[in-house]
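# Coordinate analysis (summary)
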Amino acid sequence: MVRGGRLSCVTTPLEQAMIMRKPPSSATVLSWVPVCVMAMVCVVDVVAGPSVGFLPLVSLGPAFSGLVGGWRRTAVIGAVALVLCVGLGLYDGLFEERRGFTAMASVAGVTGVGVAAAVMRSRREAELASVRSIAEVAQRVLLRPVPRTAGPLQAAVSYTSAVAEARIGGDLYEVVASPYGVRVIVGDVQGKGLAAVETAAVVLGAFREAAYDETDLVGLGERLERSVERELEGEKFVTAVLAEVGADHEVVLLNYGHPAPVLVRRDGTVDLPQPLAYALPLGLSAHGAEGPKPFRVPFAPGEQLLLYTDGVTEARDEHRRFYPLAERVYLLKDRDAHRALDTLREDLVRHTAGPPHDDAAMLLLRYHGHDEGEHTAVPA
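Below or above, wherever it landed, is the structure these notes cover. Everything quoted here is computed from the prediction, not taken from an experiment. (Residues numbered from 1 in each chain as written. Predicted model: local features only at pLDDT ≥ 70, side-chain atom pairs only at ≥ 80, totals over all residues. Heavy atoms only, no water.)

### Focus: the overall build of the protein chain
On a plain count of helices and strands, the protein chain comes out with eleven helices and eleven strands. In the protein chain, once contacts between residues fewer than 6 apart in sequence are set aside, the share between residues at least 24 apart is 74%. For the protein chain, the accessible surface area stands at approximately 19,100 Å², while carbon and sulfur atoms represent 60% of it. (Helix = DSSP H or I, 4+ residues; strand = E, 2+ residues; numbered from the N terminus. Contact = heavy atoms within 4.5 Å. Areas by Shrake-Rupley, 256 points an atom, 1.4 Å probe, with all protein chains shown as cover.)

So this is what it looks like as structure tokens:
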């Protein structure tokens, strides 16, 4: 049974495994191009004879090597090209007309330029690798791994960035075990790129601090609202859902214009808890709308709560059909929450059959309790 609502997207190990199973890289193939080119020139020159003048084309070897190889390899390829040039020049009798010396000068000149180009490219690649390593550290600090367990909950997260080679984007998540219960946020920043990452950092920083200080979820939401208002300009905003799980077998939800979470009951039915009225996203409180009202939903041992961003439910297949998240929660049947979420993410990847067009995050919370020996129910 599904009770109205929307849904969202993810990433993890299967995609990485699929990427790592690619055929030989283009760099490996290109590294053989200089050798193949020189071999082809030699064969054609021998067959065509000295009158055609293919000998200067041997310089293509070091030229290509300078584009795809290091400077040492380019120098070696250049030396081989010079040896071939001398051998073919003697075979064709070109040194008698000084054409052989012209070809050798051409090969030597191209080799020098190729070595210089390879040195400059290597330096740029080293600088880029350094920048990427720094960016990865910053990404890990911003979106750090959630705890595997928090209070009575087991947590698992999956994230996919729409930006190539990035690990974070405009989606955000966090789990904090505070004195007032386990507090959770999942949000989606308007826009993409570095500006979205900056905003996500502001929201996460404010949440991590306020989650320990504020005694209720409304106060926590107001702290986030003030932090976002100070940082955002114009009509930018952040949709978010806050959740708090205490010891009373309930989850308190506060929704700032975000897709409703998916709640999987013990009997396998699916509920999408909706607020009485959606509040404006964070950053738009200046428009004068009333703030969000917290609402309580039963959440007992053996049940699962899946929070997500709209990159999941808005992911389309080749027929432009959205991903039916509520119909696929039966995949969350593995006893380990991380493996269960991986299974759901893999199904999403198969549905889209291509790169994601939006950032997608999923956060799965399983209520196991401290002394219950029950397993999570498997939806029918």
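That was the structure; now back to the text.
### Points about the pattern of salt bridges
Per the counting criterion, the structure on display carries 16 salt bridges. The salt bridge involving E244 is made with R183; its shortest N-O contact spans 2.7 Å. Residue E244 is located in strand β5 (residues 238-245), and its partner R183 is located in strand β4 (residues 181-189); the two are separated by 61 residues in the primary sequence. Comparing E244 with R183 shows no difference in burial state: the two are buried. When salt bridges with common partners are traced through the structure, they connect E209, D213, E214 and R223 into a single cluster. (Salt bridge = Lys/Arg side-chain N within 4 Å of Asp/Glu carboxyl O. Buried < 20%, exposed > 50% of the residue type's maximum accessible area, 1.4 Å probe, protein only.)

### Comments concerning the sheet that holds strand β10 (residues 304-308)
Taken in spatial order, the six strands line up as β1-β2-β11-β10-β7-β8 in an open sheet, and their pairing is antiparallel. Taken across any chain shown, the strands that pair with only one partner, and hence form the sheet edges, are β1 (149-150) and β8 (270-271). Each of β2 (153-160), β10 and β11 (360-367) touches helix α11 (residues 337-352); the most contacted strand, β2, lies at about 30 degrees to it. (Pairing = 2+ DSSP bridges. Axes fitted to C-alpha atoms, helices over the stretch in contact; angles between N-to-C directions.)

### Description of the side chain of Q154
Positionally, Q154 belongs in strand β2. In terms of polar contacts, Q154 uses its side chain to reach the side chain of H368, at 3.1 Å. Look past the residues within four positions of Q154 in its chain and what remains in contact with it is R148, T149, R335, D336, A337, L364, L365, R366 and H368. (Polar contact = N/O pair within 3.5 Å; in protein donor to acceptor, adjacent residues only side chain to side chain.)

### Description of helix α8 (residues 217-231)
The end-to-end C-alpha distance of α8, which contains 15 residues, comes to 22 Å, matching closely the 21 Å that a straight helix rising 1.5 Å per residue would cover. Listing the buried residues of α8 in full gives L217, G219, L220, G221, R223, L224, E225, S227 and V228. Its side-chain oxygen placed 3.1 Å from the backbone nitrogen of V218, D216 serves as the N-cap of α8. (Expected span 1.5 Å × (residues − 1).)

### Re the environment of R266
Mapping R266 onto the fold places it in the loop between β7 (262-264) and β8. Placed 33 residues apart in sequence, R266 and F299 show a C-alpha to C-alpha distance of 9.7 Å. Side-chain polar atoms of R266 contact the backbone oxygen of P301, separated by 3.4 Å.

### Observations regarding the sheet that holds β4
Reading across the sheet, the five strands line up as β3-β4-β5-β6-β9 and stay open at both edges, with antiparallel pairing between neighbours. With one partner strand each, in any of the chains shown, β3 (171-178) and β9 (295-298) form the two edges of the open sheet. Along the sheet, successive strands turn relative to each other by an average axial angle of 20 degrees, direction set aside. Judged from the six bridges that link them, β5 and strand β6 (residues 250-256) form a sheet pairing that is antiparallel. Counted as the bridge partner of V241 is N255 from β6. The strands that α8 touches are β4, β5 and β6; relative to β6, the one it contacts most, it runs at about 25 degrees.

### Comments concerning the nonpolar core
By size, the foremost hydrophobic cluster in this structure holds 52 residues, and its most contacted members are L172, I185, F207, L242, V251, F299 and L365. Among the elements that line this core, the one with the most residues is helix α7 (residues 193-213), at nine residues. Of all hydrophobic cores here, the second largest spans 24 residues; its members include V264, L331, L341 and L344. (Core = buried A, V, L, I, M, F, W, Y, C linked by side-chain atoms within 4.5 Å.)

### What to know about the packing of helix α3 (residues 33-48) against helix α4 (residues 60-68)
The geometry of α3 relative to α4 is characterised by a closest axis approach of 8 Å and an angle of 170 degrees between their N-to-C directions. Overall, the two elements α3 and α4 adopt an arrangement that is roughly antiparallel. Mapping the contact onto sequence places V33, P34, V37 and M38 in α3 and L60, G61, P62, F64 and S65 in α4. Residue classes in the contact of α3 with α4 are distributed as seven nonpolar, two polar and no charged. (Parallel < 35°, antiparallel > 145°, perpendicular 65-115°, else oblique. Nonpolar A, V, L, I, M, F, W, Y, C, P; charged D, E, K, R; others polar.)

### Observations concerning the pairing of β4
Burial of β4 is extensive: nine of the nine residues sit out of reach of the surface. As judged from the eight bridges shared by β3 and β4, these two strands associate in the antiparallel manner. The partner of V175 across the bridge, within β4, is V184. Where β3 folds back on β4, the antiparallel hairpin that results is connected by two residues. Two strands pair when backbone bridges link them, and β4 and β5 are joined in this way by eight bridges, in the antiparallel orientation. Across the sheet, residue V186 finds its bridge partner in β5, namely V241.

### Digging into the packing of aromatic side chains
Tallied over the entire structure, the rule returns two aromatic pairs. Centroid distance Y159 to Y173: 6.2 Å. Interplanar angle 50 degrees. Geometry classified as tilted. Remark: Y173 occurs in strand β3 and Y159 occurs in strand β2; sequence separation between them is 14 residues. Residue class for Y159 comes out buried when judged on its relative accessible area of 11%. (Phe/Tyr/Trp six-rings, centres within 6.5 Å; stacked < 30°, edge-to-face > 60°.)

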